[in-house]
Amino acid sequence: MDTLAAVFREIRQPLSIERITLDPPGPTEVLVRLAAVGLCRTDYHVIRGERRVAMRPMVLGHEAAGIVEQIGTAVEGIKPYDHVVLTFIPACGICRWCRAGLHHLCAEGPRITHGPQLDGTYRRRDHAGIAVGAFCMIGAFAERTVVDQASVIVIDKDIPLDLASLVACGVPAGVGAARYRARVKHGDSVLVVGCGGDGMNVVQGARLCGASKIIAADIVTAKLDWAREFGASHGINAQGEALTRAVLELTDGIGVNHAFVCIDPPATLVPAFRATTKGGNVVVTGLTPDSVAEIRIPPLELFVTQKAIMGAVYGFASPRLQIPELLKLYRSGNLKLRELITQTYQLDQINAGYSDLDAGKNLRGVVVFAH
Ligand SMILES: [Zn+2]
Ligand SMILES: [Zn+2]
């Protein structure tokens with residue numbers, strides 16, 4: 001069959017809206033009709049050439065939910081008409097990390113920027129017959145996609161699919177970073193640098209953990225206002241040393257227990273580190289451009305302050321455990337999802353959506369498919 005897709009062809013150029021050929025699912029794969037896909041900043045880093053992928057053309061898009069239309073002969077536990085969320089790291093199920101339930105650390109993770117399916121072959125071709133890759137083995141900037149069952153989580157049908165798409169990336173990344181990486185405790189103080197899709201969900205996660213002080217920092221004032229709606233107690237519009245000073249002032253000079261670096265880690269990590277109390281945690285949830293190769297913190301300072309700098313992908317917890325749990329929290333009224341969506345777009349408006357993200361207008365833009 002053929003499907004409309006937004007194809008990444010050239011760095012720093014608009015995604016190309018075109019019809020591509022989509023092959024039927026292989027034995028362990030499913031065909032999914034997409035309902036919604038979030039405009040996460042990670043895809044934008046790829047478009048800008050700041051995060052390299054192994055091939056072009058490639059269909060980007062990795063924060064998605066949809067409905068299963070067809071399954072391969074060896075698929076288990078998934079059937080047509082199931083509502084599904086797609087995970088941007090597949091869970092191969094057999095590597096040492098998957099066997100330990102640590103699907104976010106799956107051995108297949110490093111391959112998600114390569115382009116082929118999990119089995120190493122391609123399901124997409126362009127009009128010239130050239131193989132087209134799928135970012136994160138998903139390629140969700142398209143009306144339909146074919147993915148391995150390792151990338152699929154079946155969800156309850158009462159959850160609106162536009163909201164379900166959000167728990168595919170930004171929500172678990174942020175909420176999980178607070179709950180599972182930093183392990184924020186009741187009464188802790190928290191700094192969140194960068195209140196976009198990830199950061200706003202760190203704010204939500206810190207609130208769920210019972211943090212007493214949640215300091216949001218961003219250079220877009222509107223995002224500080226949004227952060228208060230999501231649970232932040234304080235907002236700081238500052239960066240660099242001024243940010244560090246402002247946080248120390250709010251914490252009696254001792255710094256926060258946990259700092260989350262959710263945007264531009266090269267510029268924000270050191271101020272966040274210095275705004276963290278001795279023995280505290282600094283968690284990097286944001287993508288760093290490939291070109292940045294160092295953290296400029298003297299090892300002696302790391303030693304004497306006894307702080308931990310740590311990374312969190314997918315909120316440092318298995319998406320197979322987290323996603324159903326997050327949807328339960330939504331259902332019980334403890335997690336905001338609808339409020340995360342600033343603007344919706346059709347697929348052929350996707351480049352405008354990324355312009356809006358770049359301009360700081362969107363918490364989350366979502367492409368919604370009208371089938
Ligand atoms: Zn993402
Ligand atoms: Zn695995």
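Residues numbered from 1 in each chain as written. Chains lettered and ligands numbered in written order. Predicted model: local features only at pLDDT ≥ 70, side-chain atom pairs only at ≥ 80, totals over all residues. Heavy atoms only, no water.

### A look at the packing of aromatic side chains
By convention here, two paired aromatic rings are described through the distance between centres and the angle between planes. Stated precisely, the cut-off is as follows: For Phe, Tyr and Trp, rings pair up if their centres lie within 6.5 Å, where Trp contributes its six-membered ring, and each pair is then called stacked (planes under 30 degrees apart), edge-to-face (over 60) or tilted (otherwise). A run of DSSP states H or I qualifies as a helix once it reaches four residues; a run of E qualifies as a strand once it reaches two. Both are numbered from the N-terminal end. Throughout this description, buried means an accessible area under 20% of the type-specific maximum (1.4 Å probe, protein chains only), exposed means over 50%, and partly exposed covers the range between.
According to the stated counting rule, one finds three aromatic pairs in the structure shown. Ring centres 5.4 Å apart and planes at 10 degrees place the aromatic pair Y44 and Y354 in the stacked group. Taken together, the residues span a long stretch of sequence, with Y44 in helix α1 (residues 41–47) and Y354 in helix α11 (residues 350–358) at a distance of 310 residues. An identical accessibility class is assigned to Y44 and Y354; each is buried. Ring geometry for F88 against Y314: centres 3.9 Å apart, planes inclined by 10 degrees, an arrangement best described as stacked. With F88 in the loop between β6 (83–86) and α2 (96–99) and Y314 in the loop between β16 (308–311) and α10 (319–331), the pair connects residues that are 226 residues apart, well separated along the chain. Classification of F88 by relative accessible area gives buried; the value is 9%.

### What about the coordination of the zinc ion (ligand 1)?
Under the convention used in this document: Because no water is among the atoms considered, metal sites can look incomplete, with donors defined as N, O and S atoms within 2.8 Å of the metal, or 3.2 Å for Na, K and Ca.
Coordination of the zinc ion (ligand 1) by the protein involves C40 (SG), H62 (NE2) and C169 (SG), with metal-donor separations of 2.0 to 2.2 Å. Coordination of the zinc ion (ligand 1) draws on donor residues from a single chain, spaced C-x21-H-x106-C in sequence. Of this pair, C40 sits in the loop between β3 (29–38) and α1 while C169 is found in the loop between α3 (161–166) and α4 (170–181), placing the two residues 129 residues apart along the sequence. The pair C40 / C169 is uniform in exposure class, with both members buried.

### Notes on the sheet that holds strand β11 (residues 189–193)
Remark on secondary structure: sheet strands pair via backbone hydrogen bonds, oriented parallel or antiparallel. Just so we agree on the cut-off: Here the rule is simple: two strands pair whenever DSSP picks up at least two bridges between them. Axis lines are fitted to C-alpha atoms, over the contacting stretch for helices. Their N-to-C directions set the angle, which ranges from 0 to 180 degrees. Contact between two residues is taken to exist if any of their heavy atoms lie within 4.5 Å; hydrogens are not considered.
The six strands are arranged β13-β12-β11-β14-β15-β16 in an open sheet whose pairing can be described as parallel. Looking at strand neighbours, the two that pair on one side only are β13 (234–236) and β16, the edges of this open sheet. Direction aside, neighbouring strands of the sheet carry axes that sit 20 degrees apart on average. Both β11 and strand β12 (residues 213–217) contribute to a ladder of five bridges, which runs parallel. Bridging across to β12, V193 finds its partner in A217. On top of the sheet, helix α6 (residues 221–229) reaches β12 and β13; it is set at about 165 degrees to β13, its chief contact. Sitting on the sheet, helix α8 (residues 265–274) is in contact with β11, β14 (256–261), β15 (276–284) and β16, with an inclination near 160 degrees to β15.

### Overview of the coordination of the zinc ion (ligand 2)
Six octahedral donors around a metal ideally sit at 90 or 180 degrees from one another, while four tetrahedral donors ideally sit at 109.5 degrees. The criterion, for reference: Any site counts as irregular unless it has four donors with all angles between 85 and 135 degrees, making it tetrahedral, or four or six donors with opposite ones more than 155 degrees apart and the rest between 65 and 115, making it square planar or octahedral.
The zinc ion (ligand 2) binds to the protein through C92 (SG), C95 (SG), C98 (SG) and C106 (SG), with metal-donor distances spanning 2.3 to 2.4 Å. Here the zinc ion (ligand 2) binds four donor atoms, and the angle range of 104 to 118 degrees at the metal identifies the geometry as tetrahedral. Of note, the zinc ion (ligand 2) draws all its donor residues from one chain, in the sequence arrangement C-x2-C-x2-C-x7-C. In this pair, the class of C95 matches that of C98, namely buried.

### Considering α11
For clarity, the cut-off: Of all possible arcs, the one meant is that of the directions from the helix axis to the C-beta atoms.
Regarding α11, the residues found buried are I350, G353, Y354, D356 and L357. Mapping the buried residues of α11 onto a view down its axis gives an arc of 155 degrees, with all of them on the same face. At its buried positions, α11 is contacted by β1 (2–8), β2 (16–22), α1, β17 (341–345) and β18 (364–368). In the segment just after α11, G360 is the residue with positive phi, at about 75 degrees.

### Description of unusual backbone geometry
A cis geometry characterises the amide bond from R56 onward to P57, with omega recorded as 0 degrees. Along the chain, the position of P57 falls in the loop between α1 and β4 (58–59). Positive phi is not limited to glycine here, since R12 has a value of about 65 degrees. Of note, the phi angle at R183 is positive, near 55 degrees, even though the residue is not glycine. One can find R183 in the loop between α4 and β11.

### Considerations on the packing of α4 against α10
What counts is decided by this rule: Note that the term roughly parallel is reserved for angles under 35 degrees, roughly antiparallel for angles over 145, roughly perpendicular for angles of 65 to 115, and oblique for everything else. Classification convention: Asp, Glu, Lys, Arg as charged; Ala, Val, Leu, Ile, Met, Phe, Trp, Tyr, Cys, Pro as nonpolar; all other residues, Gly among them, as polar.
One way to put it is that α4 packs onto α10 with a least axis distance of 11 Å and a crossing angle of 95 degrees. By the criterion of interaxial angle, the relationship of α4 to α10 is roughly perpendicular. Contacts from V171, P172, V175, G176, R179 and Y180 of α4 reach α10 at Q322, E325, L326 and L329. When its residues are assigned to classes, the contact of α4 with α10 shows six nonpolar, two polar and two charged.

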